[in-house]
Structure formats: structure tokens, C-alpha cells
Amino acid sequence: MLYRVLEGDKHIHVFAMTMILEENKVWIDGCFDFSHHGHAGAILQARRTVAPGAEPTSELYCGVHSDEEILHNKGPPVMHSAERYAHTAASRWCSHMIPDAPYVTEPRVLDSYGCKYVVHGDDITLDANGEDCYQEMKDLGRFKVVKRTAGVSTTDIIHRMLTGKYEYAMGMPPVSQMQMYATGPDGYAPWCSVYEGSLCPNKLLVKGDAQVESLPAVLISGDFDLFHMGHIEQLQRAKEVLYPGCRIVVGLHLDDTKTGTRTIMSLSERLLSILSCKYVDGVVVQPEMSGEHTSGWTDSLPIDDARLLEGGSFSYLTKQTIVSRVEDSRVLYVARNTKKGMVY
């Protein structure tokens, strides 16, 4: 038997009176602002709390907080609700995206989806009253901890925009980390391939799924800075509408393709974020697009090509759109980041 509870004017959650909680159904929640590779890593680790081979009964539910909940508890997010919802749903490891998830995790919400555990990083998240958002779940023994991804945060990315100083480590992430982010929906099996320069076998860094590798390849190139729903929607259109039956390979350039200068996000940050996207089957870092290296592609086109943008709900979203949001609320974000130790 089920009954409905309406929380304010927001999302209707359905709660079960008789609860059957399953070990293989796991919940993770968050703001997922920018949905950077730290968020992707948390989602991946949550998925990996279920042992391999549990498919098809295992599922990861990703609850995403609304703009209003985030504003009340920690200040305004940069990315809007619809953008964060869609970005989280595009993760290869997310089975179900739940919009308007409560900021303080409630057992009855997890119960309604049959999830026994909530997963969170090893940092403490506080609500507007300074209380642990997961305390009730911890008290019930329904809380699992995963390691927070070091070296990346929404605070740091906003800081780079506010200062114009893009200070980060150069170079590729470790192969072991690329292999993790290149896994399939279960978080374990290989899926994406990673190459450097071209699809030549001697350029292979991470081996993907053999069946996927056998498909015709379409290359979509760009710098993919602040990897966002404007990009993801185009990759989805390529995979589902323009090139069905093909594998979508991202050609990732090192620098800003328009100015030739440093990107806001590092190569490593952009690569790992792209690998987490379910519409991506491979990545070629710094693709060589001359002579013999142009062969082997069914088609090749740049991100933001008119064919990719056509009919897009998020085509308004660009890197500059996001930067402008931060600059327009500069005083607010400086104050928030200062509380977190940033210096201006």
C-alpha cells in the first residue's frame, strides 16, 4: 500500500507503508553544482558499493536538491535545477535521478525507493541549523562512507572564475583513475577507450569494451571547458539522433579552442568529467586532424556545430553564460568563498 505526501509546492514523493529495503539499491544525494569530476567520482563510488555481478537488480538512485533547498542551506548554486537534474541523470552510473531531494536525508524517502543505504563522502555536510544532514541515517546504521575526491571542489572552480587565475596541475590523470571513470554502468566493466592523438593501437591508454570498439566512430571535438549540459545535450543528439549505431568519441583539446589560452578546468578535470557521461564511448586527447590521422572516422565535427545544437533545450548554456552568472553575483560568491578559506 502506498500513500502520497506533498512537501510544500514541490515534488511529490510516494512513501511505502510496507517497506522492503534491498541491499542492491543505493541512494546518493547532493547539490551536484557544476557536476564536476568530484561529483562524478562520488556517484561512481556509490555505484561500486554494490558488488559486480549484481546486475540487473542493482540500482543507484541519485537525489538532487532544488535551487530553493540549496539557497536556504548553503547559498545559491551557479547551475539551475533543470541543468543539475539533467547533468546528474546523464551519468553512466546513475540508474534513476530523483529531483527535489530533501537537503537533510530522510529515511522515508529512501524507503519509498527500496534503498537501504545512503552513500556520502568522508566530509560532513551541515544544514542551515549547523546539524549533520546524515545524522539520522547514521543513527539507523544506513550510512556508507566513500572517499571524497581530493583536489577539486565547486568552491575552487568559482575561485578561478573570480580571480582569473587558472592554477592547477597540468597533464593527464593517472591511468588507474582514467580506467575507473571509463567503466560501464555497473562501475566495474570496461566501457570507454582513451587514446592520445589518434585511434591508432599504439596510442591507446585505456582499453574499452570490445563490442563498443567495433562500432563506426564519430569524432566530436572541442575543449569542453566547464563540461555542462550544453555539451552533454549535443553528445546525446549525436548518439541517439544523428549517428545511431555509432560510437561517439570526444576529441579533447588541451587549450581553449577560441583563444588558445588556458581553460578554467584542467585537462585532467575535463577528461574525467567527460568519461563519466553515458553518451560518450571514447576520448582522444589532443586529436591529430591532418594527413593519415583524419581517416577512420565516419564523421568529424566540432562541438557547437549547428547539427548538434538543433532543437536543444540547453543550447543557451555556454562557458561564458556560467562565468557571467558568477561575475553578476561576485559579492555573494566572494563572501561565501572567503568563509571557506579563499583569499581575495
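As the structure is a prediction and not an experimental result, all values here were calculated from the model.

## Things to note about empty space enclosed by the protein
Move 1: Counting across every chain of the model gives two cavities of 30 Å³ or more.
Move 2: What lines the largest cavity is a set of 14 residues, among which S35, A40, H87, S91 and S276 lie closest to the centre.
Move 3: Elements with a contribution of two residues or more to the lining of the largest cavity: α1 (37-47) and α3 (81-89).
Move 4: F32, F34, S35, M79, E83, R84, H87, L226, F227 and H228 together form the lining of the second largest cavity.
Move 5: Counted by class, the lining of the second largest cavity contains five nonpolar, three polar and two charged residues.

## Observations concerning the packing of aromatic side chains
Each pair of aromatic rings is reported with the distance of its centres and the angle of its planes.
Move 1: Going through the model one piece at a time under the given rule, you end up with six aromatic pairs.
Move 2: For the ring pair W93 and Y181, a centre distance of 6.3 Å and an interplane angle of 80° mean the geometry is edge-to-face. You can see W93 sitting in the loop between α3 and β5 (96-99) and its partner Y181 sitting in helix α7 (residues 175-181), a full 88 residues away along the chain. The two residues W93 and Y181 agree in class, both being buried.
Move 3: Considering the side-chain rings of F224 and F227, the 6.3 Å spacing of their centres and the 55° angle between planes classify their relative orientation as tilted.
Move 4: Taking the relative accessible area as the measure of exposure, F227 reaches 3% and is therefore buried.
Move 5: Cluster of aromatic residues (ring-pair linked, three or more members): W27, Y61 and Y113.
Move 6: For K138, the ring lying beneath its charged end belongs to F143, and the centroid distance is 5.0 Å.
Move 7: In this arrangement the basic side chain of R262 is found over the ring face of Y168, its NZ or CZ atom lying 4.9 Å from the centre.

## Considering the side chain of N337
Move 1: Within the secondary structure, N337 sits in helix α13 (residues 330-339).
Move 2: In this structure N337 comes out as buried when scored by relative accessible area, which is 1%.
Move 3: Apart from residues lying up to four places away in sequence, N337 is in contact with T155, I158, H159, L162, M342 and Y344.

## Here we look at the pairing of strand β11 (residues 247-252)
Move 1: With six of six residues buried, β11 lies mostly within the body of the structure.
Move 2: Alternating residues of β11 divide into R247, V249 and G251 and I248, V250 and L252, and every residue in both groups is buried.
Move 3: Here strand β10 (residues 217-222) runs beside β11; their pairing, made up of six bridges, is parallel. Looking at β11, one finds that A217 is bridged to R247.

What counts as what
Residues numbered from 1 in each chain as written. Predicted model: local features only at pLDDT ≥ 70, side-chain atom pairs only at ≥ 80, totals over all residues. Heavy atoms only, no water. 1 Å grid on protein atoms, 1.4 Å probe; cavity = no way out; pocket = protein on both sides within 12 Å on 5 of 7 lines; lining within 4 Å. Points joined across faces, edges and corners; volume = space filled by probe spheres on them. Helix = DSSP H or I, 4+ residues; strand = E, 2+ residues; numbered from the N terminus. Nonpolar A, V, L, I, M, F, W, Y, C, P; charged D, E, K, R; others polar. Phe/Tyr/Trp six-rings, centres within 6.5 Å; stacked < 30°, edge-to-face > 60°. Buried < 20%, exposed > 50% of the residue type's maximum accessible area, 1.4 Å probe, protein only. Lys NZ or Arg CZ within 6 Å of the ring centre and 35° of its normal. Contact = heavy atoms within 4.5 Å. Pairing = 2+ DSSP bridges.

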